[in-house]
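Coordinate analysis (summary)
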2 protein chains.
Amino acid sequence: MQELKERIAKEGKVLPGNIIKVDGFLNHYIDTELMDHIAAEFGRYFNMDEVDVILTAEASGIALAAIVAQHFRKPMIFAKKAKSDNIEGGLYQSDIFSYTYKKKVTLLVSKEWFHPGDRVLIVDDFMANGEAMRGLCDIVEKAGAKLAGIGCAVEKGFQGGGDRLRAAGVNLHSLAVIDSAEPGNIVFRED
Amino acid sequence: MQELKERIAKEGKVLPGNIIKVDGFLNHYIDTELMDHIAAEFGRYFNMDEVDVILTAEASGIALAAIVAQHFRKPMIFAKKAKSDNIEGGLYQSDIFSYTYKKKVTLLVSKEWFHPGDRVLIVDDFMANGEAMRGLCDIVEKAGAKLAGIGCAVEKGFQGGGDRLRAAGVNLHSLAVIDSAEPGNIVFRED
């Protein structure tokens, strides 16, 4: 998606440790107009008539997922994050490793809000190692729901999370895949 | 707002400790159509031509704030929550007490995304003791920005947070104020 790539190239910051900050429009200060363009772009890759619900993980995915869901008149669920082993019942849960927090995090969704056979589109703002995506896919499977696909705005292609999901047969579309990133030189994968 | 009150009365659950769960439409499973109606209702109370940016706090306020911001074509900022005393520079921050987590939480917004004089509308899904709102107001003041008002979906009126803000002269509008809550009997304040 050209508009997104241009914003990343212009405003993204590359920090030590291959961290790419895009918090001026995607995940701290949110450019809602751009989010709505991203929603429309997802509509080119996924048949939204065959999607029942949008799923994301707190916190930074929520803004994009909410606008995508609203754009296509779908409900939205966000998985909560717990940093405890002491989880109450009535929840689908999946343990992931958070590279941000350097520890295990549990993704949780109340069983009340999933129905077997629900067709689920996962939406997230950012993917690196793909741990959050893996956990969300796990929850979809545990719920007996059907994964329609994954729509991701920005993927760090060089960390491999997206390619592992593609190799596993997941219908994943990222709108900007970054193949390498150094200060002043962000290289995108060809569409 | 009649539609919101009816949903709370019909689907809200009152748990021990005066906890009111509305996570079937407001803050876990999100009814985006209702969120858009809430956005339109805020437009009756606040002059959106005089609002530059929408501010909320992670995580549960983000979905509503994103849809409100998108409805009125505004950008949105969400304050991040840190559970550490070791905060890096370049941030506006405010310490609040989280009744959910029973501990101090620090709200953080990067200084980059606020500009002195910005007219800020705070939006949140839920208010009880008003600690998150107090912290967000504090950040607006520290940034030299101007508080246009606070739009809240559901307020637990009997916990006093909203009334304290009103008494302090804040332009606060909650679309459903709950004055008492027992299982099967949720009483709303008259508009």
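Just so we're clear, the structure is a prediction, and the values are computed from it rather than from any experiment.

The rules we used
Residues numbered from 1 in each chain as written. Chains lettered and ligands numbered in written order. Predicted model: local features only at pLDDT ≥ 70, side-chain atom pairs only at ≥ 80, totals over all residues. Heavy atoms only, no water. Salt bridge = Lys/Arg side-chain N within 4 Å of Asp/Glu carboxyl O. Helix = DSSP H or I, 4+ residues; strand = E, 2+ residues; numbered from the N terminus. Buried < 20%, exposed > 50% of the residue type's maximum accessible area, 1.4 Å probe, protein only. Least-squares fit on C-alpha atoms with pLDDT ≥ 70 in both. Contact = heavy atoms within 4.5 Å. Expected span 1.5 Å × (residues − 1). Buried area = accessible area lost by both parts, 1.4 Å probe. Polar contact = N/O pair within 3.5 Å; in protein donor to acceptor, adjacent residues only side chain to side chain. Nonpolar A, V, L, I, M, F, W, Y, C, P; charged D, E, K, R; others polar. Pairing = 2+ DSSP bridges. Axes fitted to C-alpha atoms, helices over the stretch in contact; angles between N-to-C directions. Parallel < 35°, antiparallel > 145°, perpendicular 65-115°, else oblique. Left-handed = near helix turned anticlockwise from the far one by under 90°. Phe/Tyr/Trp six-rings, centres within 6.5 Å; stacked < 30°, edge-to-face > 60°. Lys NZ or Arg CZ within 6 Å of the ring centre and 35° of its normal. Right-handed = clockwise from strand over helix to strand, strands pointing away.

1. Description of the pattern of salt bridges
Tallied over the entire structure, the rule returns 28 salt bridges over all chains. As a salt-bridge pair, A:D191 and A:K5 come within 3.3 Å of each other at their nearest N and O atoms. A residue pair is termed long-range when its members are at least 10 positions apart, and A:D191 in the segment after β11 (185–188) and A:K5 in helix α1 (residues 2–11) qualify at 186 residues. B:R166 is paired through a salt bridge with B:D163; the nearest N and O atoms lie 2.9 Å apart. A residue pair is termed a helical-turn pair when its members lie 3 or 4 positions apart in one helix, as B:R166 and B:D163 do in helix α5 (residues 161–167) at three residues. A relative accessible area of 29% means that B:R166 is categorised as partly exposed. Connected via shared salt-bridge partners are A:E155, A:D163, A:R166, A:D179 and A:R189.

2. Some thoughts on the relation of the copies chain B and chain A
Comparison of the two chain copies shows a relationship of rotation about an axis with a shift along it. The transform that puts chain B on chain A rotates by 180 degrees and translates by 0.0 Å along the axis, for an RMSD of 0.0 Å. Viewed as a symmetry operation, the transformation between the two copies matches a two-fold axis. Both copies present the same face, since 100% of the interface residues in chain B are matched by interface residues at the equivalent positions in chain A.

3. Some thoughts on helix α4 (residues 131–142) of chain A
Taking 1.5 Å as the rise per residue, α4(A) with twelve residues should run 16 Å; its terminal C-alpha atoms sit 16 Å apart, in good agreement. Listed as buried for α4(A) are A:E131, A:M133, A:G135, A:L136, A:C137, A:I139 and A:V140.

4. Describing the interface of chain B and chain A
Note on interface size: it is often stated as the accessible area lost on association of the parts. Across the contact, 31 residues belong to chain B and 31 residues belong to chain A. Of the roughly 2700 Å² buried at the junction of chain B and chain A (both faces included), carbon and sulfur atoms supply 60%. Of all residues in chain B, B:H28, B:Y29 and B:W113 bury the most surface against chain A, accounting for 26% of the area lost on that side. At the junction of chain B with chain A, the criterion picks out two salt bridges. The partner of B:K13 in a salt bridge is A:E112, with the nearest N and O atoms 2.6 Å apart. Across the chain B-chain A interface, the total number found is twelve residue pairs in polar contact (both at pLDDT 80 or more). When residues of the side of chain B that touches chain A are traced back to their parent elements, those giving at least two are β3 (29–30), α2 (32–45), α3 (61–71), β5 (76–82) and β7 (103–110) of chain B. In terms of residue count, α3(B) provides more of the side of chain B that touches chain A than any other element does, six residues in total. When grouped by side-chain class, the residues that make up the side of chain B that touches chain A number 16 nonpolar, seven polar and eight charged. The sheet contact formed by strand β3 (residues 29–30) of chain A and β5(B) spans two bridges and is antiparallel.

5. Quick notes on the packing of α2(B) against α3(B)
All names here are of chain B. At a minimum axis separation of 9 Å, α2 and α3 run at an interaxial angle of 60 degrees. When the axis of α2 is compared with that of α3, the two are oblique. Regarding α2 and α3, the two cross each other, and that crossing is right-handed. Contact with α2, carried on its side by T32, M35, D36, I38, A39, A40 and F42, involves L64, I67, V68 and H71 of α3 and no other residues of that element. In terms of residue class, the contact of α2 with α3 is made up of eight nonpolar, two polar and one charged.

6. Here's the deal with the side chain of B:Q70
As for its placement among the helices and strands, B:Q70 is situated in helix α3. Under the relative-accessibility criterion, B:Q70 is labelled buried at 7%. At a separation of 3.4 Å, a polar atom in the side chain of B:Q70 contacts the side chain of A:D36. Apart from the residues lying within four places of it in its own chain, the contact partners of B:Q70 are A:T32, A:D36, A:I67 and A:Q70.

7. Here's the deal with the packing of aromatic side chains
Under the counting rule described, the total for this entry stands at eight aromatic pairs over all chains. Aromatic pair B:F97 and B:Y99: ring centres 5.1 Å apart, planes at 80 degrees, arrangement edge-to-face. Under the relative-accessibility criterion, B:F97 is labelled partly exposed at 36%. Residue classification places B:Y99 among the partly exposed residues on the basis of a relative accessible area of 45%. In this structure, A:R44 is placed above the aromatic ring of A:Y45, and the distance from its NZ or CZ to the ring centre is 6.0 Å.

8. Focus: the pairing of strand β9 (residues 146–156) of chain B
Residues and elements named next belong to chain B. With eight of its eleven residues buried, β9 lies for the most part within the structure. In this sheet, β9 lies alongside strand β8 (residues 119–127) in parallel orientation, the contact comprising eight bridges. Residue pairing in the sheet places R119 in a bridge with K146 of β9. Traced from β8 through helix α4 (residues 131–142) to β9, the parallel crossover comes out right-handed. Here six bridges tie β9 to strand β10 (residues 172–182), and the two strands are oriented parallel to one another. Across the sheet, I150 pairs through a bridge with L172, a residue of β10.

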